[in-house]
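Commentary on secondary and tertiary structure
Take a look at the letters that make up each chain.
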Amino acid sequence: MSSKDWQTLCAERKEKQANSIPPEWIISVPKESYGSVQYVPEDCGLLTALELEITDTTDIDILLSKLAAGIWSSVQVTTSFYKRAIIAHQLTNCLTEIFVERALARAKEVDEYLQTNGKVMGPLHGLPISLKDQFRIKGLETIMGYAAWIGDPSDIDCVLVEMLYELGAVPFVRTNVPQTLIWGETHNHVFGRTTNPWNRCMTPGGSSGGEGALVAMRGSPIGVGTDIGGSVRIPSAFCGLYTLRPSYERLPYANAANAQEGQESISSVLGPMANSLGAVKRFTKAIIDGKPWRLDPVVVRKPWNHEEYALVDHGHGVGMCFAIMWDNDVVKPHPPIVRAMEITKKALEDLGHRVIDWIPHRHMEIYNNVEHIFASDGGLDYRTECEKSGEPLMHSMSPTDEQAHHYPLEQPLAKVLVGEPTHISSYELWQLHKEKRNLRKSHLDYWEATASRTGTGRAVDAIISPVVGSVACPHGTNSDAFYTTLCNALDLACTGFPVMFSDKELDKRLPPHNFRNHEDEAIYNLYDAELFHNLPVGLQLIGRTQEEEAVIAMTEVVDKALKAYRRA
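As the structure is a prediction and not an experimental result, all values here were calculated from the model. (Residues numbered from 1 in each chain as written. Predicted model: local features only at pLDDT ≥ 70, side-chain atom pairs only at ≥ 80, totals over all residues. Heavy atoms only, no water.)

1. Quick word on helix H4 (residues 60-69)
Taken residue by residue, H4 has Ile-60, Leu-63, Leu-64 and Leu-67 as its buried positions. Around the axis of H4, the buried residues are gathered within 90° of arc, so they sit on the same side. Turning to H4, the residues buried within the fold contact helix H3 (49-55), helix H5 (74-92), helix H6 (100-117) and helix H10 (277-289). Taking the backbone nitrogen of Asp-61 as reference, a side-chain oxygen 3.0 Å away marks Asp-59 as the first, capping residue of H4. (Buried < 20%, exposed > 50% of the residue type's maximum accessible area, 1.4 Å probe, protein only. Helix = DSSP H or I, 4+ residues; strand = E, 2+ residues; numbered from the N terminus. Arc of directions from axis to C-beta. Contact = heavy atoms within 4.5 Å. Polar contact = N/O pair within 3.5 Å; in protein donor to acceptor, adjacent residues only side chain to side chain.)

2. Here we look at the packing of aromatic side chains
What the rule picks out here adds up to 11 aromatic pairs. Here Trp-358 and Tyr-446 contribute two aromatic rings whose centre-to-centre distance is 5.4 Å and whose plane-to-plane angle is 85°, an arrangement assigned as edge-to-face. In this pair, Trp-358 is assigned in the loop between strand S10 (354-357) and helix H13 (363-374) and Tyr-446 in helix H16 (residues 426-448), connecting sequence segments 88 residues apart. Through a chain of ring-to-ring contacts, the aromatic side chains of Trp-25, Tyr-82 and Phe-172 assemble into a single cluster. One cation-aromatic arrangement involves Arg-509 over Tyr-524; the distance from NZ or CZ to the ring centre is 4.6 Å. (Phe/Tyr/Trp six-rings, centres within 6.5 Å; stacked < 30°, edge-to-face > 60°. Lys NZ or Arg CZ within 6 Å of the ring centre and 35° of its normal.)

3. A look at the pattern of salt bridges
Applying the stated criterion across every chain yields a total of 34 salt bridges. A salt bridge links Glu-141 to Arg-13; the shortest N-O distance between them is 2.9 Å. Placement of Glu-141 in the loop between strand S2 (128-132) and helix H7 (159-166) and of Arg-13 in helix H1 (residues 6-19) is noted, with a sequence separation of 128 residues between them. As far as burial versus exposure is concerned, Glu-141 and Arg-13 are alike and both buried. Ionic pairing is found between Arg-294 and Glu-166, a salt bridge with its closest N-O pair at 2.9 Å. Highlighted residues: Arg-294 in the loop between H10 and helix H11 (306-309) and Glu-166 in helix H7, separated in sequence by 128 residues. Since its relative accessible area comes to 40%, Glu-166 is described here as partly exposed. Several salt bridges share partner residues, and in doing so they unite Arg-13, Lys-16, Glu-97, Asp-133, Glu-141 and Arg-174 into one network. (Salt bridge = Lys/Arg side-chain N within 4 Å of Asp/Glu carboxyl O.)

4. Considerations on the side chain of Ser-276
Structurally, Ser-276 is set in the loop between strand S8 (269-274) and H10. On the basis of relative accessible area, Ser-276 is assigned to the buried category, the value being 13%. In terms of polar contacts, Ser-276 uses its side chain to reach the backbone carbonyl oxygen of Thr-58, at 3.1 Å. At a separation of 3.1 Å, a polar atom in the side chain of Ser-276 contacts the main-chain amide nitrogen of Ala-279. Excluding its chain neighbours within four sequence positions, the residues that come into contact with Ser-276 are Thr-58, Ile-60 and Tyr-242.

5. Overview of helix H14 (residues 380-387)
Within the sequence span of H14, burial applies to Tyr-382, Glu-385 and Cys-386. When H14 is viewed along its axis, its buried side chains cluster within an angular range of 100° and face the same direction.

6. Focus on the state of the cysteines
Within this structure, the stated rule accounts for zero disulfides. Not engaged in a disulfide, the cysteine Cys-94 finds its nearest cysteine sulfur in Cys-239; these two sulfurs lie 10.0 Å apart. The buried category is assigned to Cys-94, whose relative accessible area is 0%. Lacking any disulfide linkage, Cys-201 is separated from the closest cysteine sulfur, that of Cys-473, by 12 Å. Residue classification places Cys-201 among the partly exposed positions, given a relative accessible area of 27%. (Disulfide = S-S within 2.5 Å.)

Remember, this is a structural readout, not a statement about activity or role.
Right under this line is the structure:
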């Protein structure tokens with residue numbers, strides 16, 4: 001460990017990052033923090049017309065087909081996205097590791113392979129892919145928001161990176177995370193705070209918030225985040241993206257860095273984030289077709305299931321029955337979220353699907369169980385990593401300056417449920433595992449029993465619910481994540497998808513309801529139609545364990561319905 005104090009370590013590492021940006025890629029950054037900066041890539045003058053065309057191509061099939069045909073070289077495409085990523089970083093502080101020369105050398109290698117062999121290297125040939133700052137790349141640091149991890153380059157590639165190389169992809173940047181990862185926002189002492197490109201006063205979410213901001217600015221065609229409590233779905237909802245939270249051990253996590261390593265009752269999973277659902281599917285299928293169980297011993301040996309994707313178990317996608325979870329009985333969602341669910345319901349019904357209400361089942365018991373599992377070491381893991389450098393453990397994501405938004409919540413409900421942090425015994429943890437297994441069985445039985453209400457002869461095909469109770473919110477105010485953590489606890493495969501933008505004229509404040517808890521009241525009082533105007537509104541589609549193919553296909557049905565609704 002370095003003899004330097006943690007503040008010096010962080011300052012030097014941030015300076016090193018700044019020096020890794022090519023000087024000719026520096027732009028003039030708007031001073032105003034309120035409002036969208038999505039116009040800047042086109043207006044700043046750094047990107048050529050071709051580079052704008054490449055980076056604005058959200059149809060991944062077009063990108064990959066042009067790369068495969070040699071119409072666009074990987075060097076061209078990687079350079080284009082790299083320049084746009086650097087623009088996004090200057091606006092939102094979304095990156096950690098910047099390695100331009102290395103990425104372009106890889107892109108050149110891929111181009112030469114195509115020229116020499118007359119065929120692509122793999123199904124992701126030449127495609128630049130951004131990675132959350134957990135996915136180890138040989139020779140580069142993986143800092144993950146901890147000062148103590150500065151200056152420790154990895155001597156291996158994680159399995160995901162190994163596979164991306166096999167599949168022909170070009171890993172090209174890594175993205176910011178919060179200290180400890182266990183936050184729905186993105187801020188740490190090393191790289192600072194990441195902001196939302198739709199309004200920089202708002203958080204992009206977390207813990208994959210760097211990916212959210214980057215991909216939303218089209219600085220990457222596909223980003224890879226991780227999710228243990230909502231960490232790909234929250235940034236995707238806040239930034240207007242599509243994503244997949246797969247089941248435990250479906251995609252390869254081996255040799256990636258993580259917080260609370262060894263906690264395996266609620267596994268963190270990796271998932272793609274993109275501006276199109278097609279990109280989510282293309283990435284997921286490419287990884288599964290690459291047989292990740294060859295390299296990661298815990299990955300489920302399950303090839304891509306074409307029958308599941310064809311929705312054979314879901315009426316072949318015709319006349320399905322969806323259930324809407326209007327409320328999780330913990331936090332009532334804000335008006336834009338309610339309107340998004342109403343629109344989705346109408347859109348599905350217009351295409352001949354049935355939509356019923358989902359009544360929450362034992363949610364507070366599940367919430368209490370999962371938070372006690374997360375806190376079972378009494379915070380020892382986080383404190384240990386912070387103590388290595390002497391940096392303080394962060395207890396809030398709220399800014400300390402005049403930009404801090406007033407949010408009178410002393411403690412989130414999750415911390416109230418846990419109480420005083422306690423390092424519990426193995427036996428006590430086993431009892432939590434036993435309770436979790438019983439809750440999962442109870443929830444499965446409850447879902448199966450919906451067959452009596454659907455009219456299809458089978459249980460509800462999928463649940464549609466909020467991702468968070470709000471759209472992107474001011475820094476330091478995203479305190480609740482149970483809408484998403486529910487799926488991690490039950491290990492339900494799910495996607496996130498964008499629906500619309502909030503509108504101050506349509507999303508007026510609702511009258512107070514009977515508050516279930518102090519956080520429900522605080523979140524209700526946070527809402528202001530003017531403050532939350534013109535921000536992306538996303539929802540999640542929740543399916544069953546290990547049915548990623550069907551969940552993606554059902555989300556395609558929902559996405560098609562929403563696009564038809566908007567055209568009508």
